[in-house]
Amino acid sequence: MAGGGKRRRLSKSCALLIVIAGIERYAFKGVASNLVTYLTDVVKMSNSRAATTVNTWSGFTFMLPLFSAPFADSYGDRFFTILASSSLYFVGLVGLTWTAFAGSRSTTKTISIFFLYTSLSLVALGLGVLNPSLQAFGADQLDHDLGHDHEQDQESSSENKEVKSDRKSQFFQWWYFGVCAGSLLGVTVMAYIQDTFGWVLGFAIPTGSMLLLIFLFLCGCGVYVYADQGSHLKSRPFQRIFYTIKGVVTRRSKITLENNHDLNAMELELQGKPLCNCSNTEATTTTTNTSTKSLAGDESSKTGFSSLKTIKLLLRLLPIWTMLLMFAVIFQQPATFFTKQGMAMKRNIGPNFKIPPATLQSTITLSIILLMPLYDKVLIPMAKKISKNEKGITVMTRMGIGMFISIIAIVIAALVERKRLKISKEMKTSPNTTEPLSIFWLLPQYILLGISDIFTVVGMQEFFYSEVPVRMRTMGFALYTSVFGLGSFVSAALISVIESYTKSRGGKHNWFADDMSEARLDNYYWLLALTSAISFLMYIVICKYFKSSSDEDEDKCDETS
């Protein structure tokens, strides 16, 4: 293992894709973090309409991977998909920059809503296809590196497994660091530029960064590893699903397996990994080869079995996926109502500088960057000693802890908003003796959301990555992002329903009034806390009955032994 240290370094292709992922986050956060301010101050939308627009746009952005991933997994070339989607992303940002430029030049200062929505839709479409494809393409590079290490070192399987585990952890940690670094720069730098120098420059810089992304991606053509997805049905999991559904509808689906070895072969294909560590490797290899040969002549049987198992696998993830939605709803608040809260608070630092409210979103990212090492180096080792578990805490427990912390964050947000409203009413009666609440009162809710991100968001990535077959990896990433997509739609629907109900009771009762001294965001936050608590309790119940794919593999190992 003399070369062990060298093998643990990331390849050039992995490093380049991490940089590209960071640039993409910089461009996205540079637009998304302060978009609600642009819509209210420049486009002159109401608070509720601006929040609904941002949530709907975010919903499309995060939901699109769920529909684009099947085609990327089954048919698409990932390199071409990334290039095409990033180009579409760039065109959308060009259009968004043009709306700001045209609005600044117009005598009436009006902006075409149709052109604005079209530009945002292009950004959403490009990003929705780009993100899962880019992550899966990065995973392809990692798989190749791990396979290369395996070829170089086959004499020690235990050491080889340790190297693979270290490399996977290193890759995902650096990927997440790149994403966080890009997000941090996008939120802080771009929010300041947009508030100080205007929206034309504020949108032009993210547009230029996307052009740089495309250039860097093309520069890596010579170092990338291009996975051969093949033309056979076994490398097209979603085509198998479509064929199975068609067969069930037409009652032509025939699922026959010749023997138990066929069953093992199918499950090997589905999981993309061995069901158990068998000592008799030679016997296992012989059995698998025999099974493969016997199945080669019965394509319909293999397709039907694998497809039904894949559908069953996706359906079993649905309850967990659903319970995570309220966590995603809470995570929509920093870019919408948290920012509007900040605009109504004291933002001055000195006589001349005002804090852009959107920059407080950077505390979420800073919390992740600063506290992630504490999680890995302190919390996990302590949990390992207490629980006697190799992982310290399970992925399910990790996600649950994050959900609980997010509920605490939204409760604090409600308490702070109630205090702000009280001071705001006092200012109307005695304006000379009362000062508005400082924007720094919002920091605890932002920091707690950052801590919950460390637990739940990272846990979600690991959960969906490990629970889907290897050939459906893009779909795994899409399931993760679609939680935030549907959560955005749920948030937009809640705002619309609540506004319709509260408006019907009179203007003073409107929770989302444009006058922030009359709005009742605290009631909205209490509602989110209540629904999130119910969702969290249901999540705990579901976790008691949920069995991960790794647990099922261990059970099958016990049965075979």
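Residues numbered from 1 in each chain as written. Predicted model: local features only at pLDDT ≥ 70, side-chain atom pairs only at ≥ 80, totals over all residues. Heavy atoms only, no water.

The next subject is the pattern of salt bridges. Tallied over the entire structure, the rule returns four salt bridges. Where arginine 418 meets aspartate 522, a salt bridge forms, and the shortest distance between an N and an O atom there is 3.3 Å. Placement of the pair is arginine 418 in helix α17 (residues 395-429) and aspartate 522 in helix α20 (residues 521-545), with a sequence separation of 104 residues. Judged by its relative accessible area of 42%, arginine 418 is partly exposed. Judged by its relative accessible area of 0%, aspartate 522 falls in the buried class. The salt bridge partner of arginine 520 is aspartate 522, with a shortest N-O separation of 2.8 Å. (Salt bridge = Lys/Arg side-chain N within 4 Å of Asp/Glu carboxyl O. Helix = DSSP H or I, 4+ residues; strand = E, 2+ residues; numbered from the N terminus. Buried < 20%, exposed > 50% of the residue type's maximum accessible area, 1.4 Å probe, protein only.)

Here we come to the packing of helix α2 (residues 12-32) against helix α5 (residues 78-105). The N-to-C vectors of α2 and α5 enclose an angle of 30°; their axes lie 12 Å apart at closest approach. Here α5 runs roughly parallel to α2, going by the angle between their axes. Like other packed secondary-structure pairs, α2 and α5 cross with a definite hand, here left-handed. Contacts from Glu24, Ala27, Phe28 and Val31 in α2 reach Tyr89, Leu93 and Leu96 in α5. (Axes fitted to C-alpha atoms, helices over the stretch in contact; angles between N-to-C directions. Parallel < 35°, antiparallel > 145°, perpendicular 65-115°, else oblique. Left-handed = near helix turned anticlockwise from the far one by under 90°. Contact = heavy atoms within 4.5 Å.)

The geometry of two aromatic rings is summed up by the distance between their centres and the angle between their planes. Taken as a whole and assessed by the stated rule, the structure comprises 27 aromatic pairs. Look at phenylalanine 60 and phenylalanine 489: their rings are 5.1 Å apart centre to centre, the planes differ by 90°, and that puts the pair in the edge-to-face class. In this pair, phenylalanine 60 is assigned in helix α4 (residues 47-74) and phenylalanine 489 in helix α19 (residues 473-504), connecting sequence segments 429 residues apart. Using a relative accessible area of 24% as the deciding quantity, one classes phenylalanine 489 as partly exposed. (Phe/Tyr/Trp six-rings, centres within 6.5 Å; stacked < 30°, edge-to-face > 60°.)

Relative to the helices and strands, alanine 21 is located in helix α2. Expressed as a C-alpha distance, the spacing of alanine 21 and valine 179, which sit 158 residues apart in the sequence, is 6.0 Å. Contact partners of alanine 21, with chain neighbours within four places excluded, come to Leu134, Trp175 and Val179.

Core analysis: the biggest nonpolar cluster contains 78 residues, and Met399, Phe463, Phe464, Phe484, Tyr524 and Tyr525 have the highest contact counts within it. Counting only domains with at least three residues in this core, you end up with domain 1 (10-147 + 165-225) and domain 2 (305-560). Contact partners of phenylalanine 484, with chain neighbours within four places excluded, come to Phe62, Phe327, Ala328, Phe331, Gln332, Val457 and Met460. In terms of nonpolar packing, the next biggest core, distinct from the first, is built from 46 residues, Leu116, Leu120, Trp175 and Phe203 among them. (Core = buried A, V, L, I, M, F, W, Y, C linked by side-chain atoms within 4.5 Å. Domains from an automatic or database assignment.)

Here the focus is a nonpolar patch on the surface. A grouping of Tyr192, Phe197, Leu201, Ile349, Phe353 and Phe440 is seen on the molecular surface, where their side chains present a nonpolar patch of about 570 Å² in accessible area. Looking at the element boundaries, leucine 201 is found in helix α8 (residues 199-219). The class of leucine 201 is partly exposed, set by a relative accessible area of 40%. (Patch = residues over 30% accessible without salt bridge, like charges linked within 9 Å, V, L, I, M, F, W, Y side chains within 5 Å. Areas by Shrake-Rupley, 256 points an atom, 1.4 Å probe, with all protein chains shown as cover.)

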